[in-house]
Amino acid sequence: MHEYSIACEIFEQVIATAKAHEALEVRHVILEMGRLAHTNPEQLSFCFKAIAKGSIAENAEFIVEMIPLSLECECGYTGPVDETQIGKDDLRSELLEYIAALECPVCGKNARITGGRELIIKSIDIETEIEKLTSRQANI
Ligand SMILES: [Zn+2]
């Protein structure tokens, strides 16, 4: 399963970071995920919890924050996609996979999608003997 291998990578980074800070326990793992990351947040969370069993991250809260798509246009515009243009139903995320370009809100030409495939560990909240630390960002 796709999500399982990603969860493994996240787990390894979380544990490495936690150990570097001599953590006793990992409290939160916050992930930023682009809407085009082709990853199911619920499955990812499920896999992470399964992998983390018996580790210091066993009771960590696994939080996935979705990041909107962003656009870049030849007119110089860069910004987030207005997702209300795309529609509201559950098909939205699937439809997005097939959209190569969207209209620029400034000039109306086709603009490139530049963001939305991210999968980033935003922060890891750990408990140490001395104090609570919020760790650095790490790219997967
Ligand atoms: Zn434009």
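Can you tell me about unusual backbone geometry, naming the residues and giving the values?
At Glu 22, a residue that is not glycine, the phi angle is positive and equals roughly 50°. By the element assignment, Glu 22 lies in the loop between helix H1 (2–20) and strand E1 (23–34). We note that His 38 has phi near 55°; this positive angle belongs to a residue other than glycine. For His 38, a relative accessible area of 48% translates into the label partly exposed.

Kindly report on the coordination of the zinc ion, identifying the contributing residues and their values.
Bound to the zinc ion are the protein donor atoms Cys 73 (SG), Cys 75 (SG), Cys 104 (SG) and Cys 107 (SG), situated 2.3 Å from the metal. Classification of the site at the zinc ion as tetrahedral follows from its 4 donor atoms and the range of 103 to 115° in their angles at the metal. Read in sequence order, the donor residues for the zinc ion give the motif C-x1-C-x28-C-x2-C. Taken together, the residues span a long stretch of sequence, with Cys 73 in the loop between strand E3 (70–72) and strand E4 (78–80) and Cys 107 in the loop between strand E5 (101–103) and strand E6 (110–115) at a distance of 34 residues. Exposure remark for Cys 73: the relative accessible area of 7% places this residue in the buried category. Under the relative-accessibility criterion, Cys 107 is labelled partly exposed at 37%.

Calculation notes
- Residues numbered from 1 in each chain as written.
- Predicted model: local features only at pLDDT ≥ 70, side-chain atom pairs only at ≥ 80, totals over all residues.
- Heavy atoms only, no water.
- Helix = DSSP H or I, 4+ residues; strand = E, 2+ residues; numbered from the N terminus.
- Buried < 20%, exposed > 50% of the residue type's maximum accessible area, 1.4 Å probe, protein only.
- Donors = N, O, S within 2.8 Å, 3.2 Å for Na, K, Ca; no water.
- Tetrahedral: all angles 85-135°; square planar, octahedral: opposite > 155°, others 65-115°.

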